[in-house]
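Residue strings, one per chain:
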Amino acid sequence: MSRNYRTLHDPNAEYTMRDLSAETMGLSASRGPRDVEITDVQTTMVGGNYPWTLVRIYTDAGVVGNGESYWGVGEPEIIDRMAAFLIGENPLDIDRLYEHLIQKMSGEGSISGKVISAISGVEIALHDVAGKLLDVPAYQLLGGKYRDEVRVYCDCHAGDESEPTSNAAEAERVVDELGYDALKFDLDVPSGAEIDRANRHMRGPEIEHKADIVRAVCEAVGDRADAAFDCHWSYTPSSAKQLLQAVEEYDVWWIEDPIPPENVEAQRVVTQSSTTPVTVGENVYRSHGTRRLIDEQALDIIAPDLPKVGGMRETQKIAHHADRFYIPVAMHNVASPIGTMASAQVATTIPNSLAVEFHSYQLGWWEDLVEEDDLIVDGRMTIPEAPGLGLTLDLDAVEEHMIEGETLFDPAP
Ligand SMILES: [Mg+2]
C-alpha cells in the first residue's frame, strides 16, 4: 500500500504564507561540524497495547534519531506528508523546525489533534538526533536535571474491575511484587446501579460503589503507595462534586477527568469544590490548550501527554507555566519505551514533576523494543547518560511486533 504524500507537495513551490525554511530565512549553512542535513524521515507502526507510531529521522552525519507519536491511525500518513518540509534542513534547529511544521501544516489543522501528535513524534526524534550530534543526553539540551530518576506510576487493571476486592488485590500485587509505590485504577467501571449512562448523572449507589473501590485500594496499599483513579470524562459537574467529596477521607493521589474536557468553567467549579486533587490535561494540545486550565486554576495537577501535546519542549513550556501556579505535572503516557523515555527526560528537567505514567505492565514485551534493559525498576526510571534519548531501537523486535502492512525502518547507516 502506498502512502507517499511527498509527491503531493512540491517543497520548492513558492508560498505566500509565513515560511520558516532555512532557505527562506536566509540561514547560513556554515556551522562547521554542525553543518548537518536531514536526509529522510521514516515511520512504522507497532502493535503494542496501543498502535504506536515510531518515527525515525536520518541525517547525512550518519546519525539517526528515534521519536514516537501518540497512538492511532493517520500518524504515519501525516508524518510522510511533513517529510518534504524537513529534508535538507539542519536537525539542530529544533524550535524553528517545530514552528515550520506548525505553519506548513496549518491547512491540515495544526493547532491541535493528530497533526500535533505527528509533529510531536518528529520533535522527539529531533531531540534524539541533536543529543547524538552534540554527544549529550536529551535532558541536557533542555536545561539539565532536577533528579537522577523519575517516579513512574503503574496504570493497573484488575480481573474484575467492578469488584472492590479485585482492585485491592491487584493494587497489593503491583506494590508487593512489581515494586511500584504509585498506582492508578479506572473508576468509570459499571456498578450495576446505572439507569442511563448517557446523561452523565450518577445515582447515589453508583457514587457509593466508586467510593468502595477507592477505599478498598487505598486501605490495601496504605502508606506504601499513592493511588489515583481515572473517570475518563464521564460525569456531570454535580455528580463529580459528590464523588470528590465522598472520597475526601481516603487521601487519594488524585481523581482524573471526572467531567468532559472541553469546558474550562465547569472544570474550575468541580476542581475548586473539594480538597480531593483533580487531574486534567491529556485531551488538550500545546501550551495554548492548557493555558486557561492553568490560569483559571481549573485543575490541581496537570497531565500532558508528551508525544501527543506537542513534544518535549512544548511539555516543558506547559510545566513551567503550571509551576507559576505551583501546580505539579503527572504526565499521561501510554507510549512505547521511546515516548516514555522522552517523557522521563523532560520530567527530570522540571521542578514540578510528580510522576510519569506506565501503561504496559501487562504487555510482556514492552522493553524488548529497545536494546537497553531494566528501564523501570521499583517504579523508577533512571535517566541514561547516553546521548539523545539514550535508547537503541531493536529492529528485530520492531519487525516482530509491526502492524501488518507496515514497512521496517532502514537500518542506521
Ligand atoms: Mg486518563
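Predicted model, so just to flag it, every value in this text is computed and none were measured. (Residues numbered from 1 in each chain as written. Predicted model: local features only at pLDDT ≥ 70, side-chain atom pairs only at ≥ 80, totals over all residues.)

**Q** Just give me the short version of the overall build of the protein chain, but keep the residues and values in it.
**A** Assigned secondary structure in the protein chain consists of 14 helices and 13 strands. A compact globule built from 413 residues would reach a C-alpha radius of gyration of about 22 Å, and the protein chain, at 22 Å, matches this within 12%. The principal-axis extents of the C-alpha atoms in the protein chain amount to approximately 65 × 45 × 45 Å. Residue burial in the protein chain is summarised as follows: out of 413 residues, 51% are buried. Taking contacts inside the protein chain between residues at least 6 apart in sequence as the whole, the part at least 24 apart equals 72%. (Helix = DSSP H or I, 4+ residues; strand = E, 2+ residues; numbered from the N terminus. Rg over C-alpha atoms; globule rule 2.2 N^0.38 Å. Buried ≥ 20, exposed ≤ 12 C-beta atoms within 10 Å, placed from the backbone. Contact = placed C-beta atoms within 7 Å.)

**Q** Kindly report on the domain arrangement of the protein chain, identifying the contributing residues and their values.
**A** Examined at the domain level, the protein chain breaks down into domain 1 (6–136 + 395–401) and domain 2 (141–382). Put simply, the middle of domain 1 and the middle of domain 2, counted by C-alpha atoms, are 29 Å apart. Across the boundary between the two partners, domain 1 contributes 31 residues, which contact 26 residues of domain 2. Looking at the side of domain 1 that touches domain 2, the elements with two or more residues in it are strand 2 (51–59), strand 3 (64–69), helix 3 (94–104), helix 4 (114–134) and helix 14 (395–401). (Domains from an automatic or database assignment.)

**Q** Describe in detail the sheet that holds strand 3, supporting the description with residues and values.
**A** Spatial ordering of the open sheet is given by 1-2-3, a layout of three strands whose pairing is antiparallel. Single-partner strands in this sheet number two, and they are strand 1 (38–47) and strand 3. Sheet twist, expressed as the average angle between the axes of neighbouring strands with direction ignored, equals 20°. This element, helix 4, spans strand 2 and strand 3 of the sheet and lies at about 155° to strand 3. (Pairing = 2+ DSSP bridges. Axes fitted to C-alpha atoms, helices over the stretch in contact; angles between N-to-C directions.)

**Q** Would you mind going over the environment of Leu-354 in detail, with residue names and values included?
**A** By the element assignment, Leu-354 lies in strand 11 (residues 353–358). On the neighbour-count criterion, Leu-354 (23 C-beta atoms within 10 Å) is buried. Spatially, the C-alpha atom of Leu-354 lies 27 Å from that of Glu-371, the residues being 17 residues apart in sequence. Setting aside chain neighbours within four positions, we find Leu-354 in contact with Ile-301, Pro-328, Val-329 and Ala-330.

**Q** I'd like a rundown of the nonpolar core, residues and numbers included.
**A** Membership of the largest hydrophobic core comes to 123 residues, with the highest contact counts inside it found for Val-122, Ala-171, Leu-183, Val-217, Ala-227, Val-252 and Ile-302. The greatest single-element share of this core, amounting to eleven residues, is contributed by helix 4. Once you skip the residues sitting within four places of it in the chain, Val-252 turns out to touch Val-214, Cys-218, Ala-227, Ala-228, Phe-229, Val-247 and Thr-276. (Core = buried A, V, L, I, M, F, W, Y, C linked by C-beta atoms within 7 Å.)

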